[in-house]
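Observations on the model geometry
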Amino acid sequence: QVQLVESGGGLVQAGGSLRLSCAASGRTFSNYVIGWFRQAPGKEREFVAGIRWSGGVTAFADSVQGRFTISRDNAKNTVYLQMNSLKPEDTAIYYCAADRVKFRVIVTKTPDDYAYWGQGTQVTVSS
């Protein structure tokens with residue numbers, strides 16, 4: 001089994017920054033794509049960003065491209081989502097998730113491809 005724990009959420013004004021962390025335990029973390037998703041009230045869960053197991057490939061939703069970055073420290077079993085220039089529409093619960101297969105070549109944006117999910121962390125951006 002694998003456990004994922006998100007942290008770093010909070011309340012920030014528009015234009016501000018937050019860094020989310022996703023700490024993993026329970027399996028060889030470095031073999032799997034890790035993705036960040038978010039879900040706002042009344043909306044479906046959507047892909048935000050992801051990073052391949054080697055860290056060399058990343059992917060972002062169009063809505064966050066150029067504002068968010070993602071990185072991972074496999075020695076610490078942690079993935080980070082740096083969020084800059086935050087907007088009120090970024091308000092949501094943010095989840096990290098681990099791919100269900102090892103060594104996937106691409107960063108998948110499909111929630112069903114992720115087998116393990118954290119409990120989420122709330123991000124609120126005020127205008």
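This text goes with the structure placed above it.
None of the values given here were measured: they were computed from a predicted structure.

**Some thoughts on the state of the cysteines**
Under the counting rule described, the total for this entry stands at one disulfide. In this model, cysteine 22 is linked to cysteine 96 through a disulfide, with the two sulfur atoms separated by 2.1 Å. One quick way to see it: the torsion about the S-S bond of cysteine 22 and cysteine 96 is about 70°, and its sign makes the bridge right-handed. Here the residue cysteine 22 occupies a position in strand S3 (residues 18-25), and cysteine 96 occupies one in strand S9 (residues 92-99), the gap between them amounting to 74 residues. An identical accessibility class is assigned to cysteine 22 and cysteine 96; each is buried.

**Regarding the sheet that holds S3**
Spatial ordering of the open sheet is given by S1-S3-S8-S7, a layout of four strands whose pairing is antiparallel. One side of each edge strand has no neighbouring strand; the edge strands of this open sheet are strand S1 (3-7) and strand S7 (68-73). Put simply, the sheet's adjacent strands are angled 15° from each other on average, direction ignored.

**Looking at unusual backbone geometry**
The backbone phi angle of asparagine 77 is positive, close to 50°, even though this residue is not glycine. A residue is classified by how much of its surface remains accessible, and asparagine 77, at 26% relative accessible area, is partly exposed. Its identity as a non-glycine residue notwithstanding, phenylalanine 103 has a phi of 50°, on the positive side. By relative accessible area, which is 43% here, phenylalanine 103 ends up partly exposed.

**Observations regarding the packing of aromatic side chains**
Evaluation of the coordinates by the stated rule reveals five aromatic pairs. For the ring pair phenylalanine 37 and phenylalanine 47, a centre distance of 5.6 Å and an interplane angle of 80° mean the geometry is edge-to-face. Taken as a pair, phenylalanine 37 in strand S4 (residues 34-39) and phenylalanine 47 in strand S5 (residues 46-51) lie far apart in primary sequence, 10 residues in all. Ring geometry for tryptophan 53 versus phenylalanine 103: centroids 5.1 Å apart, planes at 80°, classification edge-to-face. Taken together, the positions of tryptophan 53 in the loop between S5 and strand S6 (58-60) and phenylalanine 103 in the loop between S9 and strand S10 (114-117) put the pair 50 residues apart, joining distant regions of the chain.

What counts and how
Residues numbered from 1 in each chain as written. Predicted model: local features only at pLDDT ≥ 70, side-chain atom pairs only at ≥ 80, totals over all residues. Heavy atoms only, no water. Disulfide = S-S within 2.5 Å. Helix = DSSP H or I, 4+ residues; strand = E, 2+ residues; numbered from the N terminus. Buried < 20%, exposed > 50% of the residue type's maximum accessible area, 1.4 Å probe, protein only. Pairing = 2+ DSSP bridges. Axes fitted to C-alpha atoms, helices over the stretch in contact; angles between N-to-C directions. Phe/Tyr/Trp six-rings, centres within 6.5 Å; stacked < 30°, edge-to-face > 60°.

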